[in-house]
Amino acid sequence: MPKLKGSCLCGAVAFEVVNGFDKMFFCSCDQCRKITGSAFASNLFMEAEGFNWLSGADDIVTYQMPGRDISKSFCRVCGSGVPWSSGDGSKMTVPAGALQGEPEVAEKFRIFIAEQPSWSSNLDHIAEHRGFPS
Ligand SMILES: [Zn+2]
Ligand SMILES: [Zn+2]
């Protein structure tokens, strides 16, 4: 199966994955909004055996939320979200925005939409621009 590469913004952390993801979650829960600083997290889920770090594993910091099964890994240089492994190491969660190229995903889900803020609903109705509005 073809592979996709991914990295953080500064390039210190880089990885390669088999391009065949089981699931993609767009999560609007309170924790994912805080952790991303955005309207929702866009995470891909895969078996860990299809994943390889290419560089920068030493530059990764992981935050584990006390008492919850919520974690976030990021590059200590630029702060970009990077992949992290599940507790038992069998699965990887990959932030979709870290990838170069199009992920092949079996199933996509929008989850915790009850926690979605009003400012991020109905985005299809907002004017679109290829760059900054002129
Ligand atoms: Zn970085
Ligand atoms: Zn969430």
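See the structure printed just above.
Keep in mind that what you see is a predicted model, and the values were worked out from it rather than measured.

**Some thoughts on the nonpolar core**
As a rule of thumb, soluble globular proteins bury nonpolar side chains together.
Part 1: Counting 14 residues, the largest nonpolar core has Val17, Phe21, Val94 and Leu99 as the members making the most contacts within it.
Part 2: Elements represented by at least two residues in this core include exactly β2 (14-18), β3 (21-27), β4 (41-47) and β10 (91-95).
Part 3: Excluding anything up to four places from it in sequence, Val94 contacts Phe15, Phe21, Ser42, Asn43, Leu44, Met46, Phe51, Pro83 and Leu99.

**Some thoughts on the coordination of the zinc ion (ligand 2)**
Part 1: Bound to the zinc ion (ligand 2) are the protein donor atoms Cys27 (SG), Cys29 (SG) and Cys32 (SG), situated 2.1 to 2.3 Å from the metal.
Part 2: Mapped onto the sequence, the donors of the zinc ion (ligand 2) take the spacing C-x1-C-x2-C. This pair shows no difference in class: Cys27 is buried, exactly as Cys32 is.

**As for the layout of surface pockets**
Part 1: Quantified by volume, the largest pocket comes out at close to 790 Å³.
Part 2: Lining the largest pocket are 36 residues, with Cys32, Asn43, Ser71, Trp84 and Thr93 positioned closest to its centre.
Part 3: The set of elements that each furnish at least two residues to the lining of the largest pocket consists of β3, α1 (30-36), β4, β7 (71-75), β9 (84-85) and β10.
Part 4: Classifying every residue of the lining of the largest pocket gives 17 nonpolar, 14 polar and five charged.
Part 5: When its volume is computed, the second largest pocket comes out at roughly 170 Å³.

The rules behind these values
Residues numbered from 1 in each chain as written. Chains lettered and ligands numbered in written order. Predicted model: local features only at pLDDT ≥ 70, side-chain atom pairs only at ≥ 80, totals over all residues. Heavy atoms only, no water. Core = buried A, V, L, I, M, F, W, Y, C linked by side-chain atoms within 4.5 Å. Buried < 20%, exposed > 50% of the residue type's maximum accessible area, 1.4 Å probe, protein only. Helix = DSSP H or I, 4+ residues; strand = E, 2+ residues; numbered from the N terminus. Contact = heavy atoms within 4.5 Å. Donors = N, O, S within 2.8 Å, 3.2 Å for Na, K, Ca; no water. 1 Å grid on protein atoms, 1.4 Å probe; cavity = no way out; pocket = protein on both sides within 12 Å on 5 of 7 lines; lining within 4 Å. Points joined across faces, edges and corners; volume = space filled by probe spheres on them. Nonpolar A, V, L, I, M, F, W, Y, C, P; charged D, E, K, R; others polar.

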